[in-house]
Amino acid sequence: MATILVTGAAGFIGSHTTDQLLAAGHKVVGVDNFRTGKAANLAEALRSGAFQFVEADVAAAGVLDAVVEEARPEAIIHLAALVSVQESIADPALNFSLNVLATQLVGEAARRHGVKRVVFASSAAVYGDATTLPLREDAEKRPISPYGAAKLASEALLLGHAASYGFTARCHRYFNVFGPRQDPASPYSGVISIFDRRFREGAAVTIFGDGQQTRDFISVHDVARANVRAATRAGLASGVVNICTGRATSLLDVARVFAAHYPQAGAPRHEPARAGDIVHSLGEATRAAAEMDFRADVPVADGLAELIRRG
Ligand code: UD1
């Protein structure tokens with residue numbers, strides 16, 4: 001069993017990844033500064049003797065190096081980030097610090113302390129407004145936000161470090177991740193977390209546009225499983241890979257599933273489409289299957305049912 005360092009361990013994807021690593025018998029050192037992560041997400045992990053938590057900012061000088069030196073992890077799963085595209089537009093300097101500089105520090109720590117594998121939280125945002133669907137990893141990258149640009153820059157940094165210093169870098173381009181613990185607080189949170197909260201409150205949801213827009217929604221359980229696999233499997237070569245389902249689901253379909261369970265909620269209100277909104281997004285899932293034998297296996301309907309069941 002290995003020791004794995006998870007940055008952003010108290011976040012949405014980080015906490016699920018931590019839970020799965022612990023369930024598989026690994027030791028986990030989790031780092032988070034609770035900027036957007038929540039201690040409550042670690043409730044399960046903190047009951048495990050195999051989990052160690054460090055409250056720290058991974059973008060601050062010296063932090064990562066010290067944690068990696070002490071923990072000597074076999075792999076780092078780097079999920080700490082500024083996660084909001086809108087916030088990256090409002091504060092591009094903070095985006096650079098959290099989404100580029102911190103990645104550089106991960107690469108340097110991996111180099112100095114002999115880490116074998118780095119798994120990085122990239123994003124479908126690297127593709128920007130590329131329109132040929134499904135999106136393949138070799139599609140043209142045209143980021144349209146500081147966030148997408150930072151994720152693309154971080155991929156390049158890690159791949160360059162990996163080739164120079166002999167570790168493996170796996171860059172996971174997540175599509176629209178959903179599931180328990182996703183924060184619905186901001187209007188720019190993932191639409192499923194917003195719908196979940198609104199329906200639960202018996203309130204009407206807002207659909208921007210006609211609701212026919214589609215996304216490749218992937219369960220956080222599948223995403224966490226991909227992270228665990230990439231961090232623990234020997235023999236993978238460095239590279240980028242879509243973490244998606246390869247299936248499109250419309251917003252109307254999502255709203256219908258919730259509406260069937262919450263008949264008391266008001267009918268969805270329609271508002272004009274958001275500026276800059278893309279209509280369709282869909283990933284090509286075949287590379288993950290070929291390279292790491294990974295296929296998303298939670299159907300969207302099951303993932304929504306899990307949220308609804310939670311009560
Ligand atoms: C993602 C980012 C967003 C960014 C965009 C551009 C997330 C959670 N969002 O958006 O910040 O600007 O990429 O690359 O990563 N919707 C509603 N009602 C709501 C909320 C959303 O109809 O209450 C719609 C949106 O207009 C959109 C769809 O639902 O058409 C999905 O929205 P969202 O979950 O924000 O994902 P992306 O559009 O992929």
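Engineer: I tried to follow the site of the ligand on my own but got confused; where do I start?
Structural biologist: Around the ligand sit 17 residues, and of these Val191, Thr206, Phe208, Arg215 and Asp277 come closest. Separating a nitrogen atom of the ligand from a backbone N or O atom of Thr206 is a distance of 2.7 Å. For the ligand, an oxygen atom lies 2.7 Å from a polar atom in the side chain of Asp277. For the ligand, whose unbound accessible area comes to 740 Å², protein coverage reaches 81%. Those elements that provide at least two residues to the shell around the ligand are helix H4 (85-90), helix H7 (191-200) and strand E8 (206-208). Looking at the shell around the ligand residue by residue, the classes come out as eight nonpolar, six polar and three charged.

Engineer: Is there a simple way to explain helix H9 (residues 251-261) in this structure?
Structural biologist: Residues spaced three or four apart along an α-helix face the same direction, because each turn holds 3.6 residues. Those residues of H9 not exposed but buried are Leu251, Val254, Ala255 and Phe258. Along the axis of H9, the buried positions cluster into a sector of 95 degrees, meaning they face one direction only. Among the exposed residues of H9, those pointing more than 90 degrees away from its buried face are Arg256 and Ala260. If you follow the buried residues of H9, they end up packed against H7, E8, strand E10 (217-219), strand E12 (249-250) and helix H11 (300-309).

Engineer: Help me understand the side chain of Glu137, please; the structure alone is not making it clear to me.
Structural biologist: Looking at the secondary structure, you find Glu137 in the loop between strand E5 (117-123) and helix H6 (146-165). You can call Glu137 buried: its relative accessible area is 5%. Among the polar contacts listed, one links the side chain of Glu137 to the backbone nitrogen of Asn242, at a separation of 2.8 Å.

Engineer: What am I meant to see in the sheet that holds strand E11 (residues 239-243) here?
Structural biologist: To summarise the sheet geometry, strands pair through backbone hydrogen bonds and adopt either a parallel or an antiparallel arrangement. On the basis of which strands lie adjacent, the open sheet formed by seven strands has the order E3-E2-E1-E4-E5-E6-E11 and parallel pairing. Only two strands of the sheet have a single partner each, and these edge strands are strand E3 (51-55) and E11. Neighbour-to-neighbour, the strand axes of the sheet open up by a mean angle of 20 degrees, direction not taken into account. Where E5 lies against strand E6 (residues 168-174), seven bridges are found, and the strand directions are parallel. Residue pairing across strands places Ser123 opposite Tyr174, the latter belonging to E6.

Engineer: Looking at this structure, I do not really get the domain arrangement of the chain. What am I missing?
Structural biologist: Many authors give the size of an interface as the accessible area that is lost as the parts come together. Parsing the chain into structural domains produces domain 1 (3-177 + 220-244 + 282-292) and domain 2 (182-214 + 247-281 + 300-309). The gap between the C-alpha centroids of domain 1 and domain 2 is 27 Å. Each partner contributes to the interface: domain 1 provides eight residues, whereas domain 2 provides eight residues. Here domain 1 meets domain 2 over a buried area of about 810 Å², counting both sides, of which 56% is carbon and sulfur. Of all residues in domain 1, the largest losses of buried area upon contact with domain 2 belong to Phe12, Gln86 and Leu282, amounting jointly to 48% of the total for that side. Counting across the domain 1 and domain 2 interface gives one salt bridge.

Analysis parameters
- Residues numbered from 1 in each chain as written.
- Predicted model: local features only at pLDDT ≥ 70, side-chain atom pairs only at ≥ 80, totals over all residues.
- Heavy atoms only, no water.
- Near = heavy atom within 4 Å.
- Polar contact = N/O pair within 3.5 Å; in protein donor to acceptor, adjacent residues only side chain to side chain.
- Areas by Shrake-Rupley, 256 points an atom, 1.4 Å probe, with all protein chains shown as cover.
- Helix = DSSP H or I, 4+ residues; strand = E, 2+ residues; numbered from the N terminus.
- Nonpolar A, V, L, I, M, F, W, Y, C, P; charged D, E, K, R; others polar.
- Buried < 20%, exposed > 50% of the residue type's maximum accessible area, 1.4 Å probe, protein only.
- Arc of directions from axis to C-beta.
- Contact = heavy atoms within 4.5 Å.
- Pairing = 2+ DSSP bridges.
- Axes fitted to C-alpha atoms, helices over the stretch in contact; angles between N-to-C directions.
- Domains from an automatic or database assignment.
- Buried area = accessible area lost by both parts, 1.4 Å probe.
- Salt bridge = Lys/Arg side-chain N within 4 Å of Asp/Glu carboxyl O.

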